[in-house]
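Listed below are the residues making up each chain.
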Amino acid sequence: MPVFSEACERNKQPILGVLFDELAGSSRVLEIGSGTGQHAVHFARHLPHLEWQPTDRADYLRDLAARIAEEGTPNLLAPLELDVLQEQWPSMTTDAVYSANTLHIMSWPAVEAFFSGVGKVLAAGGMLVVYGPFRYAGNFTSESNAAFDRSLRERDPASGIRDIEAVNRLAEAQSLVLTADHVMP
């Protein structure tokens, strides 16, 4: 039985609502950090116009592949190994990249590598969609996010909720422009 995430179940519908609009003009999505695969399965099923390419680090691939084999749709591809810190990313060009709940788990050098890698695989005019908590002007959006940040940093001092302004600077260095910022659960 593949690993299950209650958080993925709770947030998949609100995220799908945003992806339905944001990825309407896309045809291929590279998902970075697919984890349990619950999002990949759900989104591929409900966005059949998209070819969905899940990825994750080697230690997550077995469970991810099992879920895709068990629950996948024809537009959901077999997962590829991708660690954002590796020099060589899978050889591809995609018109959309999606990642959920990754930037606050990664170290800052990994976040920098994430954006550098996205800049190499994302086609001109492509869309990057990131789901997760952020700080704005150094402030948390809620006390629960501040507590979450403290727990992340206790577990790993290199992780933590990122400042949207710093993340935007990394995106802009890859010629990406923030076009929407949705309030999400």
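In this convention, every chain numbers its residues from 1, walking through the sequence in written order. Two thresholds apply to this predicted model, a pLDDT of at least 70 for residue-level local features and 80 or more for giving and counting side-chain atom pairs, whereas whole-chain, interface and lining totals are computed over all residues. Hydrogens and water are ignored here; the side-chain numbers use all heavy atoms of the structure.

A. Examining the packing of helix H4 (residues 108-121) against helix H6 (residues 164-172) more closely. Put simply, H4 and H6 touch, their axes get as near as 9 Å, and they point 35° apart. Regarding H4 and H6, the two cross each other, and that crossing is right-handed. Here Trp108, Val111, Glu112 and Phe115 of H4 come into contact with H6, specifically with Ala166, Val167, Leu170 and Ala171. Three classes are used, and their members are as follows: Ala, Val, Leu, Ile, Met, Phe, Trp, Tyr, Cys and Pro are nonpolar, Asp, Glu, Lys and Arg are charged, and the others, Gly among them, are polar. Considered class by class, the residues forming the contact of H4 with H6 number 7 nonpolar, no polar and 1 charged. Only the contacting stretch of a helix is used when fitting its axis, a line to C-alpha atoms as for every element, and angles between N-to-C directions run 0 to 180 degrees. Secondary structure is summarised from DSSP: a helix means a run of H or I of at least four residues, a strand means a run of E of at least two, and numbering begins at the N terminus for each. Take the far helix as the reference: if the near one is turned anticlockwise from it by less than a right angle, the crossing is left-handed, and if turned clockwise, right-handed. The contact definition used throughout considers only heavy atoms, calling two residues in contact when any of these lie within 4.5 Å.

B. Quick look at helix H5 (residues 143-155). A helix is expected to span 1.5 Å multiplied by its residue count minus one. Helix length check: H5 (13 residues) gives 19 Å between terminal C-alpha atoms against 18 Å at 1.5 Å per residue, within 8%. Among all positions of H5, only Asn145, Ala146, Asp149 and Leu152 are buried. Projected down its long axis, H5 carries its buried residues within an arc of 120°, all on one side. For H5, the exposed residues lying more than 90 degrees away from the buried face are Glu143, Ser144, Glu154 and Arg155. Here's how the labels work: a residue is buried when its accessible area is under 20% of the maximum for its type, exposed when over 50%, partly exposed in between, all with a 1.4 Å probe on protein chains only. Here the arc refers to the set of directions running from the helix axis out to each C-beta atom.

C. Inspection of the side chain of Thr36 at higher detail. Here Thr36 lies in the loop between strand E1 (28-31) and helix H2 (38-46). The class of Thr36 is buried, set by a relative accessible area of 14%. Those residues within four positions of Thr36 in sequence are excluded, and the remaining contacts are Val3, Phe4, Ser5, Cys8, Leu64 and Arg67.

D. Representation of the pattern of salt bridges within the structure. Any carboxyl oxygen of Asp or Glu within 4 Å of a side-chain nitrogen of Lys or Arg constitutes a salt bridge here. Within the structure shown, the criterion is met by 7 salt bridges. For Arg28, the salt bridge identified is with Glu51, shortest N-O distance 3.0 Å. Pair noted here: Arg28 is in strand E1 and Glu51 is in strand E2 (residues 51-56), with a separation of 23 residues, a long-range link. A relative accessible area of 23% means that Arg28 is categorised as partly exposed. Look at Glu51 and you get partly exposed, because its relative accessible area is 31%.

E. Quick peek at the layout of surface pockets. Reported here for the second largest pocket is a volume of approximately 750 Å³. Each cavity reported here is a set of points on a 1 Å grid over the protein atoms alone in which a 1.4 Å probe fits but cannot get out, each pocket an open set with protein on both sides within 12 Å along at least five of seven lines, and each lining residue one with an atom within 4 Å of a point. In this structure, the second largest pocket is lined by 28 residues; those nearest its centre are Gly33, Asp56, Tyr60, Asn101 and Thr102. For the lining of the second largest pocket, the elements supplying multiple residues, two or more each, are helix H1 (6-22) and helix H3 (58-71). Its residues assigned to classes, the lining of the second largest pocket shows 13 nonpolar, 10 polar and 5 charged. Grid points are joined across faces, edges and corners, and a volume is the space filled by probe spheres set on the points.

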